[in-house]
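# A structural walkthrough
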Amino acid sequence: MDEAGREFRLLTLAASFGDAEPLLQRLRAIRHAALPPCKAIRVAEHRLALVTLRYEKTLGERFEAARAAGMQGVPRGELLGYLRSAAEALDTLFHHWKMPHLAVNPRNLLLDHGRAWVADYGLAPLLWLPTREPLAALNPRYVAPECADGNQGLAADQYALEIGRASCRERV
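Sheet architecture is open: 3 strands sit in the order β4-β5-β6, paired in antiparallel fashion. Where the open sheet ends on each side, the last strands, each with one partner, are β4 (57-58) and β6 (115-118). Bridge analysis of β4 against strand β5 (residues 109-112) gives 2 bridges, and the strand direction is antiparallel. Across the sheet, the residue bridging to Thr58 is Leu110, located in β5.

A separate point is the sheet that holds strand β1 (residues 8-14). Strand order in the open sheet made by the 3 strands is β1-β3-β2, with antiparallel pairing throughout. Each edge of the open sheet is held by one strand with a lone partner, namely β1 and β2 (38-44). The mean inter-strand angle of the sheet, taken between neighbouring strand axes irrespective of direction, is 25°. Sheet topology places β2 next to strand β3 (residues 47-53); 6 bridges connect them, and they run antiparallel. Paired with Ala40 across the strands is Leu50, a residue of β3. Relative to the sheet, helix α1 (residues 21-29) contacts β2 and β3, its axis offset from that of β2 by approximately 160°.

Moving on, we come to the side chain of Asn139. Within the secondary structure, Asn139 sits in the loop between α5 (135-138) and α6 (154-169). Not counting the four nearest positions on each side in its chain, Asn139 is found in contact with Leu102, Ala103, Val104, Asn105 and Arg107.

The subject of this paragraph is the nonpolar core. Counting residues in hydrophobic clusters, the biggest one holds 36 residues, and the most contacted among them are Leu27 and Leu59. At the level of elements, α1, β3, α2 (59-68), α3 (76-97), β5, β6, α4 (123-128) and α6 are the ones that each hand at least two residues to this core. It is α3 that contributes the most residues to this core, 8 residues altogether. Residues within four places of Leu27 in sequence aside, it is in contact with Ala40, Leu48, Leu50, Leu123 and Leu126.

Definitions and limits used
Each residue is numbered by its place in its chain's sequence as written, counting from 1. With pLDDT at 70 or above as the cut-off, local features in this predicted model cover only qualifying residues; side-chain atom pairs require 80 or more to be listed or tallied, and sums for whole chains, interfaces and linings still use all residues. Values reported for side chains reflect all heavy atoms of the structure, with hydrogen atoms and water molecules removed beforehand. Paired strands, as defined in this entry, are two strands with at least two bridges between them according to DSSP. Secondary structure is summarised from DSSP: a helix means a run of H or I of at least four residues, a strand means a run of E of at least two, and numbering begins at the N terminus for each. The convention used is that axes are lines fitted to C-alpha atoms, helices contributing only their stretch in contact, and that angles between N-to-C directions extend from 0 to 180 degrees. Every residue pair with non-hydrogen atoms within 4.5 Å of one another is taken to be in contact. To form a nonpolar core, buried Ala, Val, Leu, Ile, Met, Phe, Trp, Tyr and Cys residues must be joined to one another through side-chain atoms within 4.5 Å. Partly exposed describes any residue whose relative accessible area lies between the buried limit of under 20% and the exposed limit of over 50%, with all areas from a 1.4 Å probe on protein chains only and scaled to the type maximum.

Worth remembering: the numbers are spatial, not functional.
This is the structure we're talking about:
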């Protein structure tokens, strides 16, 4: 919490490579109106952290709240509004930065005042893929089948959004 009483979301990352400086610079350069303002910092020799403001909830938390209120899931119109803005952002980000998100799921779609923010963009392609570990180990429920063959494109993010839509509309 800072002096103004704002809470933060901290994501620490272990870097499995030598010099983290180029990655740190790349993460600092990634900016877009649909991405939450984020600060990338080095916290130790092989450890980085991403710091963002804490938002009201994630799409996954919104689904759980809807279920707790006796609903089947997030109301269709509300859910589609969040996913539409996320899809447009992912499309723009892919075309600008030439990389997909590859880890889209309801836990990294942050909701605040009726708006969806796409968190953690760039982490899977920049940190996970270089390890040569399968994406299914990182994001098992939401990873597109073609990623197993090394086809990591925009369609992988679209697939993840559709699985997220289905899982937040009703438990699948």
